[in-house]
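Okay, here's what each chain looks like letter by letter:
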Amino acid sequence: GASSVAMQDGGLLTFWYRAKYEGANGAELISSRFDGQHWSPTQVVTNSARVSGDIGITIKSLANPVPFRRSDREIWLFFAASRLSGWATCEIGLIRSLDNGATWGHAERVYASPFFNISHLTKSTPFLFSDGRIGLPVYEEMNRKFPVLLVLDADGRVIDRRRMGNGGKVGYQPMIVPTGPSTAIAFVRRLKSRKPKSILISRTSDGGQTWTVPTPIELPNPGGPISAIRYDSSRILLAFNDDAQIERNITLALTDLEGKTYRRVGVVALMDSEDRKHTVAYPFLISSAPGQFDVVYSRPMKTINHVRFSSAWVQAGAQLQTATQ
């Protein structure tokens, strides 16, 4: 399943979900540590049965674990928990570790809706507001898929919910990158039924209270998620599938803080063959040290993979692209 990663004691702590198939009963959330050279044996963080017992509701499957480092020792792991078949019955769960992922507490419910609290899913990196509140990008999938920003207090309780994009079928799985004191941009995964087949972008200038309708940019999107981080004071680095039809590769690109100009800098993963079952999907990008970056991604139903690269490699790719334009 989709993977994600957090920094941990100079290394990495990666999470993904494991099941017989997507949405299968008895799914597990899995973690593994990287010390710079080797990956540890996998650890089961929790599973469907344990989450069911923790929150008192029968949970069929789990998906999309997303870590948030709360402090030097504390990690929060948000995830999607499905009650029935299909992701439309999901709600968001939260499990916390106070010892850097060695052990985990009981799962809790994140109340994204005041009524049935269903049809909300995780996928993208949480972030901190300047006042200490936590932004959790999620999406709804009951009738129409659309992106949502949840605002949580310091204890992890939802205190605000902002629908992004003025409603309608406007994409999902927003990847939000703060760009200033009250500004941010969101890279949005397009609906496979919608055209053009491009990454969508939405902007806020009032601290996430309102967002522009997601509009297409020049980079293609086959209907897969996008991962993005601040690269430096004036640029954003994003990982995406550089193909309008299929998750054929994972490419990196640089853009300005307005998200107006884009420059590809290199390819970090390629599919095994032209077989559409052998795609490279769900990139998750972090900066793990000054001048050092990591991408984890999936070869669906096969493996979780990891690539490390440097800012020198990014800069060399950007200069090469400039020279060939």
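Scroll up a little and you will see the structure.
Residues numbered from 1 in each chain as written. Predicted model: local features only at pLDDT ≥ 70, side-chain atom pairs only at ≥ 80, totals over all residues. Heavy atoms only, no water.

So what's going on with the sheet that holds strand 15 (residues 184-189)? Which residues, and what values?
One open sheet holds the 4 strands; their spatial order is 14-15-16-17, and the pairing between them is antiparallel. A single partner strand is all that each edge strand has here, and the edge strands are strand 14 (172-178) and strand 17 (215-220). For this sheet, the mean angle separating the axes of adjacent strands, direction not counted, is 35°. (Pairing = 2+ DSSP bridges. Helix = DSSP H or I, 4+ residues; strand = E, 2+ residues; numbered from the N terminus. Axes fitted to C-alpha atoms, helices over the stretch in contact; angles between N-to-C directions.)

Residues and numbers for the sheet that holds strand 6 (residues 75-82), please.
Strand order in this open sheet of 4 strands is 5-6-7-8, and the pairing throughout is antiparallel. The strands lining the two open edges of the sheet, one partner per strand, are strand 5 (61-69) and strand 8 (108-110). Between one strand axis and the next, the sheet turns by 30° as a mean value, whatever way the strands run. Against the sheet, helix 1 (residues 48-55) engages strand 5, strand 6, strand 7 (90-97) and strand 8, with an angle of about 75° to strand 5. (Contact = heavy atoms within 4.5 Å.)

Before we move on, can you summarise the pattern of salt bridges with the specific residues and values?
According to the stated counting rule, one finds 15 salt bridges in the structure shown. Among the ionic pairs, E140 bridges to R161, the shortest N-O distance being 2.8 Å. In this pair, E140 sits in strand 11 (residues 134-140) while R161 sits in strand 13 (residues 158-163), placing the two residues 21 residues apart along the sequence. Assessed through its relative accessible area of 17%, E140 is described here as buried. Of the charged contacts, one joins K302 and D272 as a salt bridge, the two residues approaching to 2.9 Å between their closest N and O atoms. In this pair, K302 is assigned in the loop between strand 23 (292-299) and strand 24 (303-310) and D272 in the loop between strand 21 (262-270) and strand 22 (281-289), connecting sequence segments 30 residues apart. Taking the relative accessible area as the measure of exposure, K302 reaches 48% and is therefore partly exposed. By relative accessible area, which is 44% here, D272 ends up partly exposed. (Salt bridge = Lys/Arg side-chain N within 4 Å of Asp/Glu carboxyl O. Buried < 20%, exposed > 50% of the residue type's maximum accessible area, 1.4 Å probe, protein only.)

Could you give me a rundown of the nonpolar core, with the residues and numbers involved?
If you look at the biggest cluster of nonpolar residues, it comprises 29 residues, and the most contacted ones within it are L29, V45, V51, L62, L77, F79 and W104. Broken down by secondary-structure element, the contributors of at least two residues to this core are strand 2 (11-18), helix 1, strand 5, strand 6, strand 7 and strand 22. Grouped together as the second largest cluster of nonpolar side chains are 19 residues, L237, L252, V314 and A318 included. (Core = buried A, V, L, I, M, F, W, Y, C linked by side-chain atoms within 4.5 Å.)

Now, about helix 1: what can you tell me, with residues and values included?
Three or more residues of helix 1 are buried, namely S48, V51, S52 and I55. End-on, the buried residues of helix 1 take up no more than an arc of 105°, which puts them together on one face. Exposed residues on helix 1 whose side chains face more than 90 degrees from its buried face are A49 and G53. Residues of helix 1 that are buried sit in contact with strand 4 (43-47), strand 5, strand 6, strand 7 and strand 8. At the N-terminal boundary of helix 1, the capping side chain belongs to N47, with an oxygen 3.3 Å from the backbone nitrogen of A49. (Arc of directions from axis to C-beta. Polar contact = N/O pair within 3.5 Å; in protein donor to acceptor, adjacent residues only side chain to side chain.)

With reference to specific residues and values, describe the environment of F146.
Mapped onto the elements, F146 comes out in strand 12 (residues 146-152). Of the residues examined, F146 reaches a relative accessible area of 4% and is grouped as buried. When the C-alpha positions of F146 and V295 are compared, they lie 26 Å apart, and in sequence the two are 149 residues distant.

Account for the packing of aromatic side chains, naming residues and giving values.
A complete count under the given rule lists 9 aromatic pairs for this structure. Between W76 and F78, the ring centres sit 6.3 Å apart and the planes meet at 70°, which makes this aromatic pair edge-to-face. We classify W76 as buried; its relative accessible area is 1%. Taken together, a centroid distance of 5.5 Å and an interplanar angle of 15° make the contact between F293 and F309 stacked. In this pair, F293 is assigned in strand 23 and F309 in strand 24, connecting sequence segments 16 residues apart. The two residues F293 and F309 agree in class, both being buried. In this structure an aromatic cluster arises from ring pairing among Y231, F293, F309 and W313. Sitting above the plane of the F129 ring, R133 keeps its charged end 4.4 Å from the centroid. (Phe/Tyr/Trp six-rings, centres within 6.5 Å; stacked < 30°, edge-to-face > 60°. Lys NZ or Arg CZ within 6 Å of the ring centre and 35° of its normal.)

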